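Here is what each chain is made of, one letter per residue.
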Amino acid sequence: MKIKISEHFTTKKLIVFVLPSIFMMIITSIYGVIVEIGYTIGCAPIIAYNYGSENHLELKSLFKKSVITMSIVGIILSGLAQALAIPLAKLFVGYNEELYTLTVYAFRLFSFSFIFSGINIFSSGFFTALNNGIISAIISFLHGLIFQVAFVFILPLIFGVDGIWWAMFATEICACIVSVSFFIAKRKKYHYA
């Protein structure tokens, strides 16, 4: 079923249109929980302790290891998402060929966002651990609301339905640019790089 964003939606067309997004958000939520709870929140007390005790050498080491870890995990998860798109789509929506095809296509486009999302989650938690809630809030607000809403509205106008799938990737890239900018701007103040 070919769906154009400008056409009238029936219930069936709406379901076919949104199920891939729901599927991708479930996977993204699982990834976010693993990264945020498993790593970012887990290392936040260590970062805060070393910052508070002015152990700059250990803080630099933690920062470097964290950025490398988040980058590697993001690349691996993006690759896994590419490799598992077909079997996972078949498992969840294999009953409908059109929905299955759309889900595989959308999930593969969407999976590129995993490359940057770990860095973005980590950066917010990192600045919270350094007692800078304002930077943490700016990163979270831009990432979670401003960039997502803007790209969901703008990219479909440029790329059609594919713009929806690319919106999260664009969000993650912009949030990563903001995160890296803060990392560079605050490195001398907090002595982590």
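As the structure is a prediction and not an experimental result, all values here were calculated from the model.

**Let's talk about the overall build of the chain**
(1) Moving on: The helix and strand inventory of the chain stands at six helices and zero strands.
(2) Moving on: If you list the helices and strands of the chain from N to C, you get α-α-α-α-α-α.
(3) Moving on: When its C-alpha atoms are laid out on the principal axes, the chain stretches across 60 × 30 × 20 Å.
(4) Moving on: Here the chain holds 193 residues, and the buried ones make up 41% of them.
(5) Moving on: Put simply, 70% of the contacts in the chain that link residues at least 6 apart link residues at least 24 apart.
(6) Moving on: Just so you have it, the chain exposes about 10,300 Å², and 73% of that area is on carbon and sulfur atoms.

**Details of the packing of helix H4 (residues 114-129) against helix H6 (residues 162-190)**
(1) Moving on: Where H4 meets H6, the closest approach of the two axes is 9 Å, and the angle between their N-to-C directions is 40 degrees. In terms of orientation, H4 and H6 fall into the oblique class. Seen along the crossing, H4 lies across H6 with a hand that is left-handed. Across the interface between the two elements, Phe116, Ser117, Ile119, Asn120, Phe122, Ser123, Phe126 and Phe127 of H4 pack against Phe169, Glu172, Ile173, Ala175, Cys176, Ser179, Phe182, Phe183, Lys186 and Tyr190 of H6.
(2) Moving on: Here the contact of H4 with H6 is composed, by residue class, of 12 nonpolar, four polar and two charged.

**Thoughts on the side chain of His143**
(1) Moving on: Along the chain, His143 turns up in helix H5 (residues 133-159).
(2) Moving on: On the basis of relative accessible area, His143 is assigned to the buried category, the value being 17%.
(3) Moving on: A distance of 2.9 Å separates the side chain of His143 from the side chain of Glu172, its partner in a polar contact.

**What to know about the nonpolar core**
(1) Moving on: In this structure, Ile47, Phe122, Phe126, Phe127, Leu130, Phe183 and Tyr192 are the most contacted members of the largest nonpolar core, which totals 27 residues.
(2) Moving on: Those elements giving two or more residues to this core turn out to be helix H1 (11-52), helix H2 (56-93), H4, H5 and H6.
(3) Moving on: Considering each element in turn, this core owes the most residues, eight residues, to H6.
(4) Moving on: In terms of nonpolar packing, the next biggest core, distinct from the first, is built from 19 residues, Phe23, Tyr100, Trp165 and Met168 among them.

**Re the packing of H5 against H6**
(1) Moving on: Closest axis-to-axis distance for the H5/H6 pair is 7 Å, and the angle between their directions is 150 degrees. Judged by the sense of rotation from one axis to the other, the crossing of H5 with H6 is right-handed.
(2) Moving on: For the contact of H5 with H6, a count of residues per class yields 19 nonpolar, five polar and three charged.

**Some remarks on H5**
(1) Moving on: Taking 1.5 Å of rise per residue, the 27 residues of H5 would be expected to cover 39 Å, and the 36 Å separating its terminal C-alpha atoms lies within 8% of that figure.
(2) Moving on: At Leu142, H5 shows its largest kink, close to 40 degrees.
(3) Moving on: The set of residues buried in H5 consists of Ile135, Ser136, Ile139, His143, Phe147, Phe151, Leu155 and Pro156.
(4) Moving on: At its buried positions, H5 is contacted by H4 and H6.
(5) Moving on: Of the residues one or two after H5, Gly160 is the one with positive phi, at around 70 degrees.

Cut-offs used in this document
Residues numbered from 1 in each chain as written. Predicted model: local features only at pLDDT ≥ 70, side-chain atom pairs only at ≥ 80, totals over all residues. Heavy atoms only, no water. Helix = DSSP H or I, 4+ residues; strand = E, 2+ residues; numbered from the N terminus. Buried < 20%, exposed > 50% of the residue type's maximum accessible area, 1.4 Å probe, protein only. Contact = heavy atoms within 4.5 Å. Areas by Shrake-Rupley, 256 points an atom, 1.4 Å probe, with all protein chains shown as cover. Axes fitted to C-alpha atoms, helices over the stretch in contact; angles between N-to-C directions. Parallel < 35°, antiparallel > 145°, perpendicular 65-115°, else oblique. Left-handed = near helix turned anticlockwise from the far one by under 90°. Nonpolar A, V, L, I, M, F, W, Y, C, P; charged D, E, K, R; others polar. Polar contact = N/O pair within 3.5 Å; in protein donor to acceptor, adjacent residues only side chain to side chain. Core = buried A, V, L, I, M, F, W, Y, C linked by side-chain atoms within 4.5 Å. Expected span 1.5 Å × (residues − 1). Bend = angle between axes of the 7 residues up to and from the residue.

The values are spatial; any link to function lies outside them.
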